[in-house]
Amino acid sequence: MVAFGKKLKERQIQEWQGYYINYKLMKKRVKQYASQIEAGALDRRHVLKDFSRMLDIQIEKIVLFLLEQQGLFARRIEQLNEQQEALQEEPDISKISELREAYREVGRDLLKLLFFVEMNGIGLRKILKKFDKRFGYKFTDYYVKTRANHPYSQLQQVFKHVGLGAVVGAISRNLADLQDRQGSYLSIYDEPALPLQDPVVDSLKAAVDRVTYSTNFLDFLGQHALIMHEELPSPVEEHVDDQRYHFMSLLLNLVNTFLYMVNTYIIVPTADDYSMSLGAAATVCGIVIGAMAVAQIFSSVYFSAWSNKSYFRPLVFSSIVLFIGNAMYAMAYDLNSISVLLLGRVFCGLGSARAVNRRYISDCVPLKIRMQASAGFVSASALGMACGPALAGLLQTNFKIFNITFNQDTLPGWVMTVAWLIYLVWLWISFREPAHETEVNHAPTQSSAAENDKLEKGLVQPLLTSKEHEQGDEQGDDGDQECDASEEAPEESRLAANSLGSAYRLLTPSVKVQLLIYFMLKYAMEILLSESSVITTYYFGWTTSTVSIFLACLGLTVLPINIVVGSYISNMYEDRQILLASEIVVLLGILFSFHFIVPYSVPQYVCSGLVMFVAAEVLEGVNLSLLSRVMSSRLSRGTYNGGLLSTEAGTLARVIADATITLAGYLGESRLLNITLIPSLVICIASIVATCCTYNSLY
């Protein structure tokens, strides 16, 4: 693992070396404090005072240099503005082009300064975290609050970077003015929504967003998708992204996501009735629903690998397999074969192309709209989850055509068969295969390689937030410890994982805990959804339509909950606080779902299920948001990436949950509810304990 000190040294802009945070010195000072305290040579109050003073000096050095550079940028822009004023009187196309390029050059230099701010902010946050971890203090909270709120705060220069924002605005405005606006007298201030088509401005906006790190709904949804993003691209790479991007192809990926989620949940309200009509027990619905998830464990791997070479062919294969699988599911009724029913669901699972959908967004969608595309992925999934059961509730009919039965059990299969056939035709006509990158395409010239490396390898981390557990802290701390004796790191430490085993070895304890949380919430949600038809029929005598409405209402809560969490709650509380609170609420929902001595009632089932489902949705969003930031950068690319690991963890949870329902069914439907809730309760308690232990040790 490459230590942060090594990364900082490699990525420093050489002419600014003396103005970066001296991370190596401060790390050694923390070690000296520890040894001196153990020897009784220093008291803790002296350590706090000395370390605070050292931090103040480092921050002052950074801020004074930042102000100096802002002045230089202001002078350069002022000189360019004078040239622009002269050109207003005597327009010259060649000089306008030169002036536009000069503004872009200022923008490229500003990218370096933004990267300088970002790297120093990361260094400050990491050394504060290291101090807290070594001495068990909450020194970070004290330091940030006292310095940030002071009227002469220098931290505010890093937090707010108002001067840098003004420089970005000046470059954007002047580049917009120099564009051919076809006689318009409006400026960017009159039409703020009007996009400026300039790669330098796009890169500047992306860099400012990374430095500011303000959580909003789209960011939250995008991280919910766990689409692992590479680091800050250069304008050249952004141009390549624009060439690979095709809106209709992106739309087809999102429709694939939507249809697959509909396909997953459309059978849930009728799976028990279908099983009984074929001579099996109602609880065999767990195996019927789970067969799709079993196959998805394997399909996720080969689709992820296939997407390294193509996006079109995997999507075509997925559509054909899903067409066949749904047709088999529908025909099982007339064939009176539970085996054909299960085989049809296995085929549906083998057609799961969610890994391809994620990969397309990650690789082919330009950075400026990638977060919106990621949010679209999550929204399509949520909408499909709600539409599946709702559609099943509408298919309440019974008739025959050519001795083929169409009823509430078979119609979900026939509807999805037709849907995948239509999708396949649309895909064949409209999808455009993007050009896959080769190493030749990415080989920079020797002269520009070093500069591009500095600009492109920014770490997606916020500056000095109290959310110290964000991207790569654990990996960085481990790397610091490994590299104390030597700052050398092998080149292999930057390569993508080449197997599930190597990917697993890249996971830190905190990431493993978050995958456990993801497993727990997926298990609890699958138990609630998959056994809902059996439980409500046994206790309340609900019809298929009633079950469908209940499940559709649960699905419809997904987007509103994410809006509330992404826009409000995540801005008021730390992610780890929301994480632990959500786990506790899930636990309460599980406890209230148990059938005790009193008669089991509809309000108890609906309220406890709603509480558990909503809390699990909040937990999933926050957990995946954290995972997207703390996973190793080596898991952001390749076949065995972070998205695949999370998918496998969630799918495995669904498989075990569905198997639990079927096995518990042998003990009778009267015991099914409590027996299936016991594993959920145990796993939930284990995840809460693991969360508390992990974050107490880190913070």
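Everything that follows concerns the structure shown earlier in this document.
These numbers come from a predicted model, not from an experiment. Numbering of residues starts from 1 in each chain and follows the order in which that chain's sequence is written. Residues qualify for local features only when their pLDDT is at least 70, as the model is predicted, and side-chain atom pairs are given and counted only at 80 or more; totals for whole chains, interfaces and linings, by contrast, use all residues. Water and hydrogen atoms were dropped before computing side-chain values, which therefore reflect all heavy atoms in the structure.

### Structural notes on the pairing of strand β1 (residues 398–401)
Strands were regarded as paired on the criterion that DSSP finds at least two bridges between them. A run of H or I in DSSP counts as a helix once it spans at least four residues, and a run of E counts as a strand once it spans at least two, with each numbered from the N terminus. Sheet topology places β1 next to strand β2 (residues 404–407); 4 bridges connect them, and they run antiparallel. Along β2, the bridge assignment pairs I401 with I404.

### Focus on helix α18 (residues 411–430)
To estimate the expected span of a helix, subtract one from its residue number and multiply by 1.5 Å. In a regular helix each residue adds 1.5 Å, so 20 residues correspond to 28 Å; α18 covers 28 Å between its end C-alpha atoms and thus fits that length. For α18, the set of buried residues is L411, P412, G413, W414, M416, T417, W420, Y423, L424 and L427. Summary of the burial criterion: residues with accessible area below 20% of their type's maximum are buried, those above 50% are exposed, and those between are partly exposed, where the area comes from a 1.4 Å probe applied to protein chains only.

### Quick word on the nonpolar core
Of all hydrophobic cores here, the largest spans 110 residues; its most connected members are V586 and I590. Per-element accounting of this core gives the leading share, 14 residues, to helix α22 (residues 509–530). When checking whether two residues touch, look at their non-hydrogen atoms; a contact exists if any pair is within 4.5 Å. Excluding its chain neighbours within four sequence positions, the residues that come into contact with I590 are A524, M612, L677, S680, L681 and C684. For our purposes a nonpolar core is just a set of buried Ala, Val, Leu, Ile, Met, Phe, Trp, Tyr and Cys residues, chained together by side-chain atoms within 4.5 Å.

### Let's talk about the environment of L610
Within the fold, L610 resides in helix α27 (residues 602–630). Each C-alpha atom, one on L610 and one on T557, is 9.2 Å from the other, the two residues being 53 residues apart in sequence. Discounting residues that sit within four places of it in the chain, L610 has contacts with L554 and T557.

### Describing empty space enclosed by the protein
Put simply, the grid is 1 Å and covers the protein atoms alone, a cavity is a trapped set of points that fit a 1.4 Å probe, a pocket is an open set with protein on both sides within 12 Å along at least five of seven lines, and lining residues have an atom within 4 Å of a point. Grid points are joined across faces, edges and corners, and a volume is the space filled by probe spheres set on the points. Going through the model one piece at a time under the given rule, you end up with 6 cavities of 30 Å³ or more. Estimated volume of the largest cavity: approximately 440 Å³. Together, 27 residues line the largest cavity, and M261, R354, Y518, K522 and E620 are the ones closest to its centre. For the lining of the largest cavity, the secondary-structure elements that each account for two or more residues are α11 (247–265), α16 (354–364), α17 (367–394), α22, α25 (558–572), α27 and α28 (642–665). Residues were grouped as follows: Ala, Val, Leu, Ile, Met, Phe, Trp, Tyr, Cys and Pro as nonpolar; Asp, Glu, Lys and Arg as charged; and all remaining residues, including Gly, as polar. Class assignment of the residues belonging to the lining of the largest cavity gives a composition of 12 nonpolar, 9 polar and 6 charged. The computed volume of the second largest cavity comes to approximately 70 Å³. As for the second largest cavity, its lining consists of I527, L528, E531, S593, Y600, Y605, S608, G609, M612, L673 and L677. Secondary-structure elements contributing two or more residues to the lining of the second largest cavity are α22, α27 and α29 (669–698). In terms of residue class, the lining of the second largest cavity is made up of 7 nonpolar, 3 polar and 1 charged.

### Let's talk about the packing of α22 against helix α26 (residues 575–593)
Here the axes come from fitting lines to C-alpha atoms, over the contacting stretch only for helices, and the angles between their N-to-C directions go from 0 to 180 degrees. Relative to each other, α22 and α26 sit at 30°, their axes nearing to 12 Å. Classified by the angle between their axes, α22 and α26 sit roughly parallel to one another. As α22 packs across α26, the resulting crossing turns out to be left-handed. For the pair α22 and α26, contact is made by I517, M520 and A524 and by L579, E583, V586 and I590, respectively. Across the contact of α22 with α26, the residue classes break down as 6 nonpolar, no polar and 1 charged. Our angle categories are set so that under 35 degrees counts as roughly parallel, over 145 as roughly antiparallel, 65 to 115 as roughly perpendicular, and the remainder as oblique. Rotating anticlockwise by less than a right angle from the far helix to the near helix defines a left-handed crossing, while the corresponding clockwise rotation defines a right-handed one.

### Description of the packing of α11 against helix α15 (residues 338–350)
Following both chains from N to C, one finds α11 and α15 inclined at 155°, their axes separated by 11 Å at the closest point. The orientation of α11 relative to α15 falls into the category roughly antiparallel. α15 is crossed by α11, and the crossing has left-handed handedness. Two secondary-structure elements touch here, α11 through Y260, N263 and T264 and α15 through R345, C348 and G349. Of the residues contributing to the contact of α11 with α15, the split by class is 2 nonpolar, 3 polar and 1 charged.

### Topic: a nonpolar patch on the surface
For patch building, the residue pool is restricted to those with more than 30% relative accessible area and no salt bridge; the joining distance is 9 Å between like charges and 5 Å between nonpolar side chains (Val, Leu, Ile, Met, Phe, Trp, Tyr). Reported accessibility uses the Shrake-Rupley method at a 1.4 Å probe radius. Residues are deemed covered only where the shown protein chains occlude them. The working definition used for a salt bridge is a side-chain nitrogen of Lys or Arg within 4 Å of a carboxyl oxygen of Asp or Glu. There is a patch of nonpolar side chains on the surface, built from I320, F323, I324, L421, V425, W428 and I429 and spanning about 670 Å² of accessible area. When contributions to the nonpolar patch are tallied by element, the ones reaching two or more residues are α14 (312–335) and α18. Here the nonpolar patch takes 4 residues from α18, the largest share from any one element. Its place among the elements puts I320 in helix α14.

### Section: unusual backbone geometry
Positive phi, normally seen in glycine, also occurs at N336, with a value near 50°. Assignment of secondary structure puts N336 in the loop between α14 and α15. Classification of N336 as exposed rests on a relative accessible area of 53%. Although it is not a glycine, F402 sits at a positive phi angle of roughly 55°. Inspection of the secondary structure assignment puts F402 in the loop between β1 and β2. Since its relative accessible area comes to 78%, F402 is described here as exposed.

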